[in-house]
Amino acid sequence: MNKHVNLLDLDRQSMEVFFTDMGEKSFRASQVLKWIHQQGVIEFDGMTNLSLSLRKKLSETACITPPEIVSEHISNDGTLKWLLRVDSNNCIETVFIPEKERGTLCVSSQVGCPLDCSFCATAKQGFNRNLTVAEIIGQVWVANNALGRYQKKERIISNVVMMGMGEPLLNFDNVIKAMNLMMDDLAYGLSRKRVTLSTAGVVPGIEKLGNVSNVSLAVSLHATNDKLRDELVPLNKKYPIDQLIAASRQYSKTQSGDPITFEYVMLDGINDSEKDAHELAELLKDFPAKVNLIPFNTFPGTEYQRSKTERIDRFRYILVNAGILTMTRKTRGEDIDAACGQLVGKVLSRAKRNKVNNMGNRI
Ligand code: SAH
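If you're wondering where the values come from, they're calculated on a predicted model, not measured in any experiment.

Q: An account of the nonpolar core is requested, with residue identities and associated values reported.
A: With 118 residues, the main nonpolar core has Leu7, Phe119, Met179 and Met182 as its most contacted residues. Counting residues domain by domain, this core receives three or more from each of domain 1 (5-63) and domain 2 (68-358).

See the structure below:
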């Protein structure tokens, strides 16, 4: 048996295997999952319904180690951003966005990102590695702990979006396990409608997701023709718009027709014309789609600017008129660089920006 397995790496199924391999009953898995994720207890000594000998055995073979908070930043609007250390070289960022009716946690899936979208600050950091399950679900644990959830016993985080640093579908297995824990009643118990995976368009990943998961899907579209999308989201050269739309449609079918959210960053003079809006409406017609317009968030060194408010309103109006449910995402946490596309963490090894193939292997 692996000497120091981090129990945060284990979803329900793997935890049961862990205990049965140890010669213990599988219900120990439920007990330990609840201690960790519902009670916030990460010392074996605190797990009082386990025998002393089992606690001792666990402390010899396992650990429960969440990422460590390096710093916490609070925005004027209440948004919180944490810089979390995941190893001696790398930090990631996690953002909590409180709203009246809900609290959304924006979780990272990779250290940096290999996709190099031209308008995203994370892309400029390069890519180092995939996060482990412990580092992904650990963000949820750390945020709950920091927000006092384990003292208050009330739910503070009601929604999780995989919209932090990285491309979640390029870290497929770990992201799936972490999302399983987000939805597991023994852990965070969020409904599948409140767990959203956002992708830049890894088509085989979307297809695979439909077979193993039922989370909500958001697709970062940003352009209505391949020429422009190739420029904004270079992954488009590999998986062009028609394939992306077809895979999204198929995913929706596997989820009994649940709508797919299309994200569209509003870049001044680039993709925000009335013609673009009409083309987008055409692309998404007869489709269970919602559109989320994201006003561009600036960062040092970018050539892009945010579309004017009137232009965003006009764009939205055209889509709504075409019968497409369209929202403009409220920009939150901008003063602490916590808004969409502003997360950078700290990626020390920047040498690894290589082209990636469809499932994240370097080519
Ligand atoms: N890689 C995934 C998830 C991370 S990004 C994806 O691409 O979907 C979350 C959202 O923020 C995406 O829609 C992304 O395109 C958008 N985004 C990136 N940079 C941005 C910026 N500077 N301003 C506004 N939105 C941005």
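Q: Residues and numbers for the packing of helix α8 (residues 203-212) against helix α10 (residues 241-254), please.
A: Taken N-terminus to C-terminus, the directions of α8 and α10 make an angle of 10°; their axes are 9 Å apart at the nearest point. Judged on the interaxial angle alone, α10 and α8 are roughly parallel. Residue-level inspection shows Val203, Ile206, Glu207, Leu209 and Gly210 of α8 in contact with α10, the latter providing Gln243, Leu244, Ala247, Ser248, Tyr251 and Thr254.

Q: Provide a residue-level description of the pattern of salt bridges, including the pertinent values.
A: By the definition in use, this model includes 19 salt bridges. We note a salt bridge from Arg12 to Asp184, for which the minimum N-O separation is 2.7 Å. Of this pair, Arg12 sits in helix α1 (residues 12-21) while Asp184 sits in the loop between α7 (172-183) and β10 (195-199), and the two are 172 residues apart along the sequence. We classify Arg12 as partly exposed; its relative accessible area is 35%. Here Glu60 and Lys56 are joined by a salt bridge, their closest N and O atoms 3.0 Å apart. Pair noted here: Glu60 and Lys56 are both in helix α3 (residues 52-61), with a separation of four residues, about one helical turn.

Q: Give a description of the packing of aromatic side chains that names residues and reports values.
A: All chains considered together, the criterion is met by six aromatic pairs. Put simply, the rings of Phe296, Phe299 and Tyr304 touch in pairs and so form one group of aromatic residues. Directly above the ring of Phe172 sits Lys208, whose terminal nitrogen or CZ lies 4.3 Å from the centroid.

Q: Let's hear about the site of the ligand: which residues, and what values?
A: Among the 21 residues in the neighbourhood of the ligand, the closest are listed as Phe119, Ser198, Ser220, His222 and Asn297. Between Thr199 and the ligand, the recorded distance is 3.4 Å, taken from a backbone N or O atom to an oxygen atom. Measuring from a nitrogen atom of the ligand, one finds a backbone N or O atom of Asn297 at 2.9 Å. When the ligand is considered free in solution it has 530 Å² of accessible area, and contact with the protein chains removes 96% of it. Elements with a contribution of two residues or more to the shell around the ligand: β10, β12 (260-266) and β13 (289-295). Of the residues contributing to the shell around the ligand, the split by class is 11 nonpolar, eight polar and two charged.

Q: Any details on the side chain of Ser213? Residues and values, ideally.
A: Mapped onto the elements, Ser213 comes out in the loop between α8 and β11 (216-220). Judged by its relative accessible area of 10%, Ser213 is buried. Engagement of the side chain of Ser213 in a polar contact is seen with the backbone nitrogen of Val215, the distance being 3.5 Å. If sequence neighbours within four positions are ignored, Ser213 has contacts with Ile176, Met179, Met183, Tyr251 and Gln255.

Q: Account for α3, naming residues and giving values.
A: Three or more residues of α3 are buried, namely Leu54, Arg55, Leu58 and Thr61. Burial along α3 is one-sided: seen end-on, the buried residues are contained in an arc of 140°. Residues Leu52, Ser53 and Lys56 are exposed on α3 and point more than 90 degrees away from its buried face. Those residues of α3 hidden inside the fold are in contact with β1 (5-6), α1, α2 (27-38) and β2 (62-63).

Q: An account of the pairing of strand β3 (residues 68-74) is needed here, citing residue identities and associated values.
A: Note that β3 and strand β4 (residues 80-87) share six bridges and pair antiparallel. Note on β4: the bridge partner recorded for Ile69 is Leu84. Here β3 hands over to β4 after five residues, with Gly78 in that stretch at a positive phi of 95°.

Q: I'd love a proper account of the side chain of Glu263, names of residues and values included.
A: One can find Glu263 in strand β12. Looking at Glu263, the relative accessible area reads 4%, which means it is buried. Engagement of the side chain of Glu263 in a polar contact is seen with the side chain of Arg329, the distance being 3.2 Å. When residues no more than four places from it in sequence are discounted, the contact partners of Glu263 are Met163, Ser198, Ala218, Val219, Ser220, Leu221, His222, Asn292, Ile294 and Arg329.

Q: Break down the domain arrangement of the protein for me, with residues and values.
A: Examined at the domain level, the protein breaks down into domain 1 (5-63) and domain 2 (68-358). Just the C-alpha atoms count here: the centres of domain 1 and domain 2 sit 32 Å apart. Contact with domain 1, which involves 16 residues of that partner, is made by 16 residues of domain 2. Taken together, the two surfaces of domain 1 and domain 2 that pack against each other cover about 1,400 Å², and 56% of this comes from carbon and sulfur. Put simply, domain 1 and domain 2 have one salt bridge between them. Remark: the boundary between domain 1 and domain 2 carries nine residue pairs in polar contact (both at pLDDT 80 or more). Mapped by element, the contributors of at least two residues to the side of domain 1 that touches domain 2 are α1 and α2. With six residues, α2 is the single largest residue contributor to the side of domain 1 that touches domain 2. Looking at the side of domain 1 that touches domain 2, its residues break down into five nonpolar, seven polar and four charged.

Criteria and thresholds
Residues numbered from 1 in each chain as written. Predicted model: local features only at pLDDT ≥ 70, side-chain atom pairs only at ≥ 80, totals over all residues. Heavy atoms only, no water. Core = buried A, V, L, I, M, F, W, Y, C linked by side-chain atoms within 4.5 Å. Buried < 20%, exposed > 50% of the residue type's maximum accessible area, 1.4 Å probe, protein only. Domains from an automatic or database assignment. Axes fitted to C-alpha atoms, helices over the stretch in contact; angles between N-to-C directions. Helix = DSSP H or I, 4+ residues; strand = E, 2+ residues; numbered from the N terminus. Parallel < 35°, antiparallel > 145°, perpendicular 65-115°, else oblique. Contact = heavy atoms within 4.5 Å. Salt bridge = Lys/Arg side-chain N within 4 Å of Asp/Glu carboxyl O. Phe/Tyr/Trp six-rings, centres within 6.5 Å; stacked < 30°, edge-to-face > 60°. Lys NZ or Arg CZ within 6 Å of the ring centre and 35° of its normal. Near = heavy atom within 4 Å. Polar contact = N/O pair within 3.5 Å; in protein donor to acceptor, adjacent residues only side chain to side chain. Areas by Shrake-Rupley, 256 points an atom, 1.4 Å probe, with all protein chains shown as cover. Nonpolar A, V, L, I, M, F, W, Y, C, P; charged D, E, K, R; others polar. Arc of directions from axis to C-beta. Pairing = 2+ DSSP bridges. Buried area = accessible area lost by both parts, 1.4 Å probe.

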